[in-house]
Amino acid sequence: MDALNTLYPFTAIVGQSQLKLALILNVINPKLGGVLIRGEKGTAKSTAVRSLSGLVPELNVVNLPVSATEDRVVGALDIEHAIKTGEKKFEPGLLAAAHGHILYVDEINLLDDHIVDVLLDAAAMGVNTVEREGISHSHPARFLLVGTMNPEEGDLRPQLLDRFALSVEVGGERDVRERAAVIRRRLEYEQDPATFVKQYQSEQENMLGQILQARKRLDDIRITDDMLELAARIGIGLEVDGHRSDITLIKTAVTLAAWHEHEAVCLEHIKHAARFVLPHRMRRQPFEETGGMEERLQAVLEPALTV
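What this report covers is the structure whose coordinates are included nearby. Just so we're clear, the structure is a prediction, and the values are computed from it rather than from any experiment.

## Details of the sheet that holds strand β9 (residues 166-170)
Working step 1: What the five strands build is an open sheet, ordered β2-β5-β8-β1-β9; its pairing is parallel. Edge positions in the open sheet fall to β2 (61-63) and β9, since each of these has one partner strand only. Taken over all neighbouring pairs, the strand axes of this sheet differ in orientation by 20° on average, direction set aside.
Working step 2: Looking at chain direction, strand β1 (residues 35-39) and strand β8 (residues 144-149) are connected through four bridges and run parallel. Each residue of the ladder has a partner; that of Arg38, found in β8, is Met149.

## Quick notes on the pairing of strand β5 (residues 102-106)
Working step 1: Of all five residues in β5, four are buried; the element is thus mostly enclosed.
Working step 2: Of the strand pairs in this sheet, β2 and β5 are connected by three bridges, and their pairing is parallel. Pairing of Val62 across the sheet is with Leu103, part of β5.
Working step 3: The pairing of β5 with β8 spans five bridges and is parallel. Each residue of the ladder has a partner; that of Val105, found in β8, is Gly147.

## Quick word on a nonpolar patch on the surface
Working step 1: On the surface, Val182, Ile183 and Leu187 cluster together into a nonpolar patch covering about 280 Å² of accessible area.
Working step 2: Tracing the backbone through its elements, the reader meets Leu187 in helix α8 (residues 176-191).
Working step 3: Residue Leu187 is classed as exposed on the basis of its relative accessible area of 53%.

## A look at the side chain of His139
Working step 1: Tracing the chain through its elements places His139 in strand β7 (residues 135-140).
Working step 2: Of the residues examined, His139 reaches a relative accessible area of 11% and is grouped as buried.
Working step 3: If near-sequence neighbours (up to four positions away) are discounted, His139 is found in contact with Val74, Phe90, Leu95, Ala96, Gly126, Val127 and Asn128.

## As for the environment of Tyr189
Working step 1: Tracing the backbone through its elements, the reader meets Tyr189 in helix α8.
Working step 2: It is 7.4 Å that separates the C-alpha atoms of Tyr189 and Tyr8, two residues lying 181 residues apart in sequence.
Working step 3: Excluding residues that lie within four positions of it along the chain, Tyr189 makes contacts with Thr6, Leu7, Tyr8, Phe196 and Val197.

## With respect to the pattern of salt bridges
Working step 1: One pass over the structure, following the stated rule, counts six salt bridges.
Working step 2: Notably, a salt bridge pairs Arg38 with Glu169, separated by 3.3 Å at the nearest N-O pair. Note that Arg38 is positioned in strand β1 and Glu169 in strand β9, a separation of 131 residues in sequence.
Working step 3: Of the residues examined, Glu169 reaches a relative accessible area of 43% and is grouped as partly exposed.
Working step 4: Across the pair Glu263 and Arg222 runs a salt bridge, and its minimum N-O distance is 3.8 Å. You can see Glu263 sitting in the loop between α12 (244-259) and α13 (267-277) and its partner Arg222 sitting in the loop between α10 (201-217) and α11 (225-237), a full 41 residues away along the chain.
Working step 5: The network of salt bridges with common partners includes Arg38, Asp155 and Glu169.

## Side note on unusual backbone geometry
In most cases, non-glycine residues show a negative phi, while peptide bonds are predominantly trans.
Working step 1: In the Ramachandran plot, Glu107 falls in the positive-phi region, its phi being about 55° despite a non-glycine side chain.
Working step 2: With respect to the secondary-structure elements, Glu107 resides in the loop between β5 and α6 (113-125).
Working step 3: Its identity is not glycine, yet Glu261 carries a phi of approximately 60°, on the positive side.
Working step 4: In this structure, Glu261 sits in the loop between α12 and α13.

## Some details on the packing of aromatic side chains
Working step 1: This model, assessed by the stated rule, comprises four aromatic pairs.
Working step 2: Their ring planes at 35° and their centres at 5.3 Å tell us that Tyr8 and Phe196 sit as a pair that is tilted. With Tyr8 in the segment before α1 (17-28) and Phe196 in helix α9 (residues 193-199), this residue pair connects regions lying 188 residues apart in the sequence.
Working step 3: Centre to centre, the rings of Tyr189 and Phe196 are 5.7 Å apart; their planes meet at 70°, and the pair counts as edge-to-face.
Working step 4: A connected cluster of aromatic rings, assembled from ring pairs, spans Tyr8, Tyr189, Phe196 and Tyr200.

## Quick word on the packing of α11 against α12
The relative placement of two packed helices is expressed as an angle between their axes plus a distance between the axes.
Working step 1: Here α11 crosses α12 at 135°, and the two axes come no closer than 9 Å. If you check the angle between α11 and α12, you find them oblique. Our pair here, α11 against α12, has a crossing hand that is right-handed. Mapping the contact onto sequence places Met227, Leu228, Ala231, Ala232, Ile234 and Gly235 in α11 and Asp246, Leu249 and Ile250 in α12.
Working step 2: Taken together, the residues of the contact of α11 with α12 break down into seven nonpolar, one polar and one charged.

Rules used in this analysis
- Residues numbered from 1 in each chain as written.
- Predicted model: local features only at pLDDT ≥ 70, side-chain atom pairs only at ≥ 80, totals over all residues.
- Heavy atoms only, no water.
- Pairing = 2+ DSSP bridges.
- Helix = DSSP H or I, 4+ residues; strand = E, 2+ residues; numbered from the N terminus.
- Axes fitted to C-alpha atoms, helices over the stretch in contact; angles between N-to-C directions.
- Buried < 20%, exposed > 50% of the residue type's maximum accessible area, 1.4 Å probe, protein only.
- Patch = residues over 30% accessible without salt bridge, like charges linked within 9 Å, V, L, I, M, F, W, Y side chains within 5 Å.
- Areas by Shrake-Rupley, 256 points an atom, 1.4 Å probe, with all protein chains shown as cover.
- Salt bridge = Lys/Arg side-chain N within 4 Å of Asp/Glu carboxyl O.
- Contact = heavy atoms within 4.5 Å.
- Phe/Tyr/Trp six-rings, centres within 6.5 Å; stacked < 30°, edge-to-face > 60°.
- Parallel < 35°, antiparallel > 145°, perpendicular 65-115°, else oblique.
- Left-handed = near helix turned anticlockwise from the far one by under 90°.
- Nonpolar A, V, L, I, M, F, W, Y, C, P; charged D, E, K, R; others polar.

Below, the structure is given as structure tokens:
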């Protein structure tokens, strides 16, 4: 079997339900705008992202290293060639390679802020434009941006956090049986990758089928005015800047409805979507930990959801 066919199966990952769901939602609806995964090392962040290309054959994972230069990311124009011949010569970068696929940045918080800005702009616009010495070149750049990071090594600027559609916090398993299952499956995989992958082939195919069906349902999901007003009420209550969060909240709720085979967005979809969309956009109070932000989110959600 080749390397793609021996990737660790997505469906074999133990636990991490919210991490897996956030990735699935972006695969169903690439217009969501990517996902930021925050958590300690060794919590299946990278494994989950890379395993998507084994789950969805049409997707490749293009890795963007922290040390990448701007030319390596966006591509380069050969100015000398243009001057001599009058023709543009463009050397494609990682954004071109990632078109239609997954652009994965491990330790994105350690990436130069300017490069992160370029990535997020291209992800939002679906186009990458390179300009040098009055010469420009544009090409499609529609990709699923996934960033992973360990918050202990520093965070992203709030302006950049806001540009990620979803965020999810991950940690190590605390249940003994689940933790033992993680160890067991990893050892089995390393001993015989091909056999291990075959054991999950049916589950992989079933999940891919569910994803493809959810994609077909997306455009038919109904959204009532009540749900739109609820999204606005939540954004106001949490004092989230701008309207991006409101729009993303609705898009995520719609995608959740499609995934769960529902015909319309309901309160539970809004509530679940809020926990993906809002925590990284909320203004953190001085010395406030994640638990404090969760309490604030809960305080706004509960009254809104009972109206």
